[in-house]
Amino acid sequence: MEETELVTLVSRAQDGDLACFERLVERFEDRVFRLAYRMVGNRHDAEDIVQETFVGAWEKLEGLRHPEAFPTWLYRLSANRCRDALRRRSACAADSMDGELMDEMIALPAPPGADPERRAEGAASMDALARLLQSLPAEQRLCWVLREMQGLGYRDIAEAAGTSETVVRGRLARARRTLAQGMEGWR
Amino acid sequence: MNDDDRLECGRTIDSVWSSLDAEPDEHQRGCAFCREARARLRRLRDLTREAEADDARLTTRPGVRRRIMDFARTHVRRGEQIPVQVSPGSSVGISERAIAAAVREAADAHPGVTARRCTVWGGEPSPDGSVPLGIRVGLVLRATADFGPLSQRRLRERVARLLTSRLGVAVATVDLRVEDVTHG
């Protein structure tokens, strides 16, 4: 979205324009959903996070002093909701995730239209990435997904994660190492 | 691989990651650690791209947006109350939000103009108790718009007219602030 249009939508939404807020939801909902999905590993929780994020955004919108910062600000809100969800989950769970529950939670649909063998291979490799992501500590996972799947720059990741660029780089380096080590046997 | 970001040969994983598309340099060609890292990171990158393509199809169910908008609709902050009529023992106020909505409507109807934020303040009450309002509104202009003095005056009149007819308020000042220009 062009920045001028973004600032207009955010400004008007700050003044109570519901139609403009809805357009912001339309434009950013999928991004938030995909981030949440890769953070928590299942659609249901990810949808809850989307809802919580935008409800929070509406409540806090007037506090956003720089409308052009809306996307990064929104990522920050959703990162916080993801963290909350993961903390709630680990507070409820036993020591480690039940293997079966883990499978259920990270199962991803195979790409439609692909031939059966490719789909099986696709599904298996999708599970591999999803499993590996779930094995990363949440803060590393956040930095990695924002960088490699959402395409954010280091400064925006730092804003979203509530930390410094230096810390982000460190987390990304550790995440890459862990994920690369998990690429065993994929030659 | 070492515990930190470095491979056994001293190269960083990050440097391997960011040079995956390039041909391996002389060191990388001869280094077993780098070759291994490249193969693994290539695979990681491929998986990531496939995941991204899959995720591009991910979208929320309609209920999510509905619930978000239901919340927004039922939680509109009314903002400041602007007194528009004062008389001994009573006053009438209108929310800044309601006034801003009317200002936006008037400005949006003006050729080449889109409203952004609006602030409202009350001046000194007139003898009849009516409070003349000051309006400041941020605007975005289309690059091709005519926004010369005549157009500006017409916009001010449009705003004042709508506020008077719709909300019964008197408008003393309409302060126009052009914030940006669009080419779309």
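These numbers were taken from a predicted model, which means no experiment stands behind them. (Residues numbered from 1 in each chain as written. Chains lettered and ligands numbered in written order. Predicted model: local features only at pLDDT ≥ 70, side-chain atom pairs only at ≥ 80, totals over all residues. Heavy atoms only, no water.)

Q: What's the story with the overall build of chain A in this structure? I'm lost.
A: Counting secondary structure elements, chain A contains nine helices and zero strands. Looking at chain A as a whole, 52% of its 187 residues qualify as buried. Once local pairs closer than 6 in sequence are excluded, the contacts in chain A between residues at least 24 apart make up 63%. Working note: accessible area of chain A is about 8,500 Å², and carbon and sulfur atoms make up 46% of it. (Helix = DSSP H or I, 4+ residues; strand = E, 2+ residues; numbered from the N terminus. Buried < 20%, exposed > 50% of the residue type's maximum accessible area, 1.4 Å probe, protein only. Contact = heavy atoms within 4.5 Å. Areas by Shrake-Rupley, 256 points an atom, 1.4 Å probe, with all protein chains shown as cover.)

Q: I tried to follow the packing of helix 7 (residues 138-149) of chain A against helix 8 (residues 154-161) of chain A on my own but got confused; where do I start?
A: Packed helices, taken two at a time, are described by the angle between their axes plus the distance between the axes. Residue and element names in this part refer to chain A. It is at 10 Å that the axes of helix 7 and helix 8 come closest, and there the two elements cross at 140°. Taken together, the axis directions place helix 7 and helix 8 in an arrangement best described as oblique. Classified by chirality, the crossing of helix 8 by helix 7 is right-handed. Across the interface between the two elements, L142, C143, L146 and R147 from helix 7 touch Y154, I157, A160 and A161 from helix 8. Of the residues assigned to the contact of helix 7 with helix 8, the class counts are seven nonpolar, no polar and one charged. (Axes fitted to C-alpha atoms, helices over the stretch in contact; angles between N-to-C directions. Parallel < 35°, antiparallel > 145°, perpendicular 65-115°, else oblique. Left-handed = near helix turned anticlockwise from the far one by under 90°. Nonpolar A, V, L, I, M, F, W, Y, C, P; charged D, E, K, R; others polar.)

Q: Would you explain the interface of chain B and chain A in this entry?
A: Accessible area lost when the parts come together is the quantity often used to give the size of an interface. On the chain A side, the residues contacting the 51 residues of chain B number 50 residues. Roughly 5,200 Å² is buried in total at the junction of chain B and chain A, and carbon and sulfur atoms are behind 55% of that figure. Looking at the side of chain B facing chain A, the largest losses of area belong to R40, L58 and R117 of chain B, adding up to 13% of the total buried there. As a salt-bridge pair, R117 of chain B and D15 of chain A come within 3.0 Å of each other at their nearest N and O atoms. Linking chain B to chain A there are 30 residue pairs in polar contact (both at pLDDT 80 or more). Elements represented by at least two residues in the side of chain B that touches chain A include exactly helix 1 (13-18), helix 3 (32-55), helix 4 (62-74), helix 5 (96-108), strand 3 (113-122) and strand 5 (171-182) of chain B. Considering every element that reaches the side of chain B that touches chain A, the biggest residue donor is helix 3 of chain B, with 13 residues. (Buried area = accessible area lost by both parts, 1.4 Å probe. Salt bridge = Lys/Arg side-chain N within 4 Å of Asp/Glu carboxyl O. Polar contact = N/O pair within 3.5 Å; in protein donor to acceptor, adjacent residues only side chain to side chain.)

Q: How should the side chain of R83 of chain A be read in this particular structure?
A: Residues and elements named next belong to chain A. One can find R83 in helix 4 (residues 70-92). In terms of polar contacts, R83 uses its side chain to reach the side chain of E139, at 2.5 Å. Non-local contacts of R83, meaning those with residues more than four positions away in its chain, are made with E139, L142 and A161.

Q: Mind showing me how you'd approach the UniProt feature "domain: RNA polymerase sigma-70 region" (unreviewed entry) in chain A here?
A: On the UniProt side, "domain: RNA polymerase sigma-70 region" (unreviewed entry) is annotated at positions that read residues 24-90 of chain A here. With 84% helix and 0% strand, the stretch residues 24-90 of chain A has end C-alpha atoms that lie 32 Å from each other. (UniProt positions renumbered as here; feature names shortened; annotations may be inferred.)

Q: I tried to follow the nonpolar core on my own but got confused; where do I start?
A: As a rule of thumb, soluble globular proteins bury nonpolar side chains together. In this structure, F21, F54, L61, F70 and W144 of chain A are the most contacted members of the largest nonpolar core, which totals 74 residues. Here this core gets 12 residues from one element, more than from any other, and that element is helix 2 (residues 18-40) of chain A. When neighbours within four sequence positions are excluded, F54 of chain A is seen to be in contact with F21, L24, V25, F28, E29, V32 and L74 of chain A together with I68 of chain B. (Core = buried A, V, L, I, M, F, W, Y, C linked by side-chain atoms within 4.5 Å.)

Q: Even after reading the chapter, I still don't get the sheet that holds strand 4 (residues 133-142) of chain B, so can you show me in this structure?
A: Strand-to-strand pairing in sheets goes through backbone hydrogen bonds, with the strands running parallel or antiparallel. Residues and elements named next belong to chain B. Within the open sheet, the three strands sit side by side as 3-4-5. Their pairing is mixed. Two strands in the sheet have a free side with no partner beyond their single neighbour: strand 3 and strand 5. Mean inter-strand twist for the sheet, computed between neighbouring axes without regard to direction, equals 15°. The sheet strands contacting helix 5 are strand 3 and strand 4, and the helix crosses strand 3 at an angle near 145°. Of the strands in this sheet, strand 3, strand 4 and strand 5 are in contact with helix 6 (residues 149-167), which crosses strand 5 at around 125°. (Pairing = 2+ DSSP bridges.)

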